[in-house]
Amino acid sequence: MKLKIAVLAGDGIGPEIMEQGVAVMSAVAEKFGHEVSYKEALCGAHAIDEVGDPFPEETFKVCEEADAVLFASVGDPKFDNNPSAKVRPEQGLLAMRKKLGLFANIRPVTTFDCLVHKSPLKDEIVKGADFICIRELTGGMYFGKKQEPQMNAELGEEDALDTNYYTRHEVERILKVAYQYARQRKNHVTVVDKANVLASSRLWRKIAQEIAPQYPDVTTDYMYVDNAAMRMIQEPTFFDVMVTENTFGDILTDEGSCITGSMGLLPSASTGSSTPVFEPIHGSWPQGKGLNIANPLAQILSVAMLYEYFDLKEEGALIRKAVDASLDQNVRTPEIQVEGGAKYGTKEVGQWIVDYIKKA
């Protein structure tokens, strides 16, 4: 197979982990006889510094013309610490999702037996947790009508506004994605909302109740977001496929990442009407930039998801096998290394996995 990949390394640790992701992708392509070409493009703070736009038109064209986008991270403290900044790196991420029509974010939460002890939860609670959170990406408060903080003369103080806006079409299409994934797994969907308070959530629940009978083989339950947040900690094994709106999904998926013991272990995919994007769920971690300590496994597992998206299941399985082997043999970056274990950096972990793939 021939694949054209847009490479958006972004900010912070992004270029370091991307280097390992591309190396693994190339090793797999060579082993299975695929032809993969790469084209790099600017995004995030780096793009703002270079051209004043976190997702330049040229980057959009590169993504649009590619078969898939391999993305790392965006974000920089100089923007985080400046509330008055007019342009922010994260706006580039939102623009990419909107322009590419990426309405579905698929985030698997999978535990590794050898790392259960790293989870903040008790072993007996977290062991065996394996679920997917499907987050709607292009609606809700992140894209609804906004009013930046400004003085309200009538109130005599500043106010601001974010609108949590959804249409029937947006809700229907993401719910159908959830049911499709459930049918490939354990046939269980949990719809997460706040229908007791929010009108937008009542729309979600109304539509979910209409769609559920179309999937009689799938068990559907409904859970308020605060209850879901608690249940994820009390009984993460309860969930199979969780589907929710943009803001709730953003928060819950970060919570889910902590179950595994490290945000550096979990990949994600964003799909929709155009080029799919594959990326680790963590941020740019600017404090770790250039120190060769960032965990590249989430980026590498994003490559596995990319291959699997194109129905190259054997290729994805080999990457997962290599990652499992590296963890089992304690080839790990500092945040998940066992006490007294050998020291491995970002490059060393990536190279070990590449070597494993070549020898397999």
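Residues numbered from 1 in each chain as written. Predicted model: local features only at pLDDT ≥ 70, side-chain atom pairs only at ≥ 80, totals over all residues. Heavy atoms only, no water.

Enquirer: How should the overall build of the protein be read in this particular structure?
Expert: Helix and strand counts for the protein come out as 13 helices and twelve strands. Relative to the 2.2 N^0.38 estimate, which gives 21 Å for 360 residues, the radius of gyration of the protein is 21 Å and therefore close to what a compact globule would have. Its C-alpha atoms give the protein principal-axis dimensions of about 65 × 50 × 40 Å. When the 360 residues of the protein are sorted by exposure, 52% land in the buried category. If you take every contact in the protein between residues at least 6 apart in sequence, the share linking residues at least 24 apart comes to 74%. For the protein, the computed accessible surface area is about 16200 Å², with 51% contributed by carbon and sulfur atoms. Each charge sign in the protein was given a centre, from 38 positive and 52 negative side chains, and these centres are 3 Å apart. (Helix = DSSP H or I, 4+ residues; strand = E, 2+ residues; numbered from the N terminus. Rg over C-alpha atoms; globule rule 2.2 N^0.38 Å. Buried < 20%, exposed > 50% of the residue type's maximum accessible area, 1.4 Å probe, protein only. Contact = heavy atoms within 4.5 Å. Areas by Shrake-Rupley, 256 points an atom, 1.4 Å probe, with all protein chains shown as cover. Lys, Arg positive; Asp, Glu negative; His and termini not counted. Charge placed at Lys NZ, Arg CZ, Asp CG, Glu CD.)

Enquirer: What's the story with the packing of helix H1 (residues 14-32) against helix H12 (residues 313-328) in this structure? I'm lost.
Expert: What describes two packed helices is the angle between their axes and the distance between those same axes. Packing of H1 against H12 leaves a shortest axis separation of 11 Å and a crossing angle of 130°. Classified by the angle between their axes, H1 and H12 sit oblique to one another. H12 is crossed by H1, and the crossing has right-handed handedness. Along its contact with H1, which presents Val24, Val28, Lys31 and Phe32, the element H12 presents Glu314, Glu315, Leu318 and Ile319. Looking at the contact of H1 with H12 residue by residue, the class counts come to five nonpolar, no polar and three charged. (Axes fitted to C-alpha atoms, helices over the stretch in contact; angles between N-to-C directions. Parallel < 35°, antiparallel > 145°, perpendicular 65-115°, else oblique. Left-handed = near helix turned anticlockwise from the far one by under 90°. Nonpolar A, V, L, I, M, F, W, Y, C, P; charged D, E, K, R; others polar.)

Enquirer: Please explain the sheet that holds strand E10 (residues 241-244) as it appears in this structure.
Expert: Sheet strands associate in pairs through backbone hydrogen bonding, adopting either a parallel or an antiparallel arrangement. Taken in spatial order, the ten strands make up an open sheet running E2-E1-E3-E12-E11-E4-E5-E10-E8-E9, and their pairing is mixed. Sheet topology places strand E2 (35-40) and strand E9 (219-224) at the edges, where each strand pairs with a single neighbour. Averaged over all neighbouring strand pairs, the angle between strand axes comes to 25°, with direction disregarded. Here five bridges tie strand E1 (residues 2-10) to strand E3 (residues 68-73), and the two strands are oriented parallel to one another. Bridge pairing in E3 links Ile5 to Ala68. (Pairing = 2+ DSSP bridges.)

Enquirer: Explain the environment of Ala9 here, please?
Expert: Here Ala9 lies in strand E1. Residues Ala9 and Tyr222 lie 213 residues apart in sequence; the distance between their C-alpha atoms is 38 Å. In this view, Ala9 contacts Gly14, Pro15, Met18, Ala72 and Ser73; residues no more than four positions away in its chain are not counted.

Enquirer: Looking at this model, I keep getting lost on the environment of Leu70. Mind explaining?
Expert: Mapped onto the fold, Leu70 is located in strand E3. Judged by its relative accessible area of 0%, Leu70 falls in the buried class. When the C-alpha atoms of Leu70 and Val277 are compared, they prove to be 6.0 Å apart, with 207 residues separating the residues in sequence. Residues in contact with Leu70, not counting those within four places in the same chain, are Ile5, Ala6, Val7, Leu8, Met18, Gly21, Val22, Phe278, Gln299, Ser302, Val303 and Leu306.

Enquirer: Explain the pattern of salt bridges to me, please; I cannot follow it from the model alone.
Expert: Between side chains of opposite charge, a pair can form when the charged atoms approach closely. Applying the stated rule across the entire model yields 15 salt bridges. As a salt-bridge pair, Arg231 and Glu235 come within 3.0 Å of each other at their nearest N and O atoms. Salt bridges linked by common partners bring Asp130, Arg185 and Asp240 together as one network. (Salt bridge = Lys/Arg side-chain N within 4 Å of Asp/Glu carboxyl O.)

Enquirer: Looking at this structure, I do not really get the nonpolar core. What am I missing?
Expert: Within the largest apolar cluster, 67 residues are counted, with the highest numbers of intra-cluster contacts made by Tyr307 and Ile319. Apart from residues no more than four positions distant in its own chain, Tyr307 is found in contact with Leu3, Met25, Val28, Ala29, His34, Val36, Leu312, Glu315, Gly316 and Ile319. If you look at the next biggest cluster of nonpolar residues, it comprises 18 residues, including Ala6, Ala41, Cys43 and Ala66. (Core = buried A, V, L, I, M, F, W, Y, C linked by side-chain atoms within 4.5 Å.)

Enquirer: What is the right way to look at the pairing of strand E12 (residues 277-280) in this model?
Expert: Looking down a regular strand, the side chains alternate between one sheet face and the other. A two-sided burial pattern is seen for E12, the buried positions comprising Val277 and Glu279 on one face and Phe278 and Pro280 on the other. With two bridges joining them, E3 and E12 adopt parallel strand pairing. Of the residues in E12, the one forming a bridge with Leu70 is Phe278. Here strand E11 (residues 267-271) folds back onto E12, and the loop between the two strands holds five residues.

Enquirer: Explain the packing of aromatic side chains to me, please; I cannot follow it from the model alone.
Expert: Within this structure, the stated rule accounts for eight aromatic pairs. Between the aromatic rings of Tyr179 and Tyr215, the centroid separation amounts to 4.5 Å while the plane-to-plane angle is 10°, which identifies the pairing as stacked. With a gap of 36 residues between them, Tyr179 in helix H7 (residues 168-183) and Tyr215 in the loop between helix H8 (199-211) and E9 connect regions that are remote in the sequence. Here the two residues Tyr179 and Tyr215 agree in accessibility, since each one is buried. Three or more aromatic residues joined by ring pairs make a cluster, and in this case those are Phe131, Phe238 and Phe239. Positioned above the aromatic ring of Phe143, the side-chain terminus of Lys98 is 4.8 Å from the ring centre. It is Lys99 that lies over the ring of Phe60; its NZ or CZ is 5.3 Å from the centre. (Phe/Tyr/Trp six-rings, centres within 6.5 Å; stacked < 30°, edge-to-face > 60°. Lys NZ or Arg CZ within 6 Å of the ring centre and 35° of its normal.)

That is the geometry; function is a separate question.
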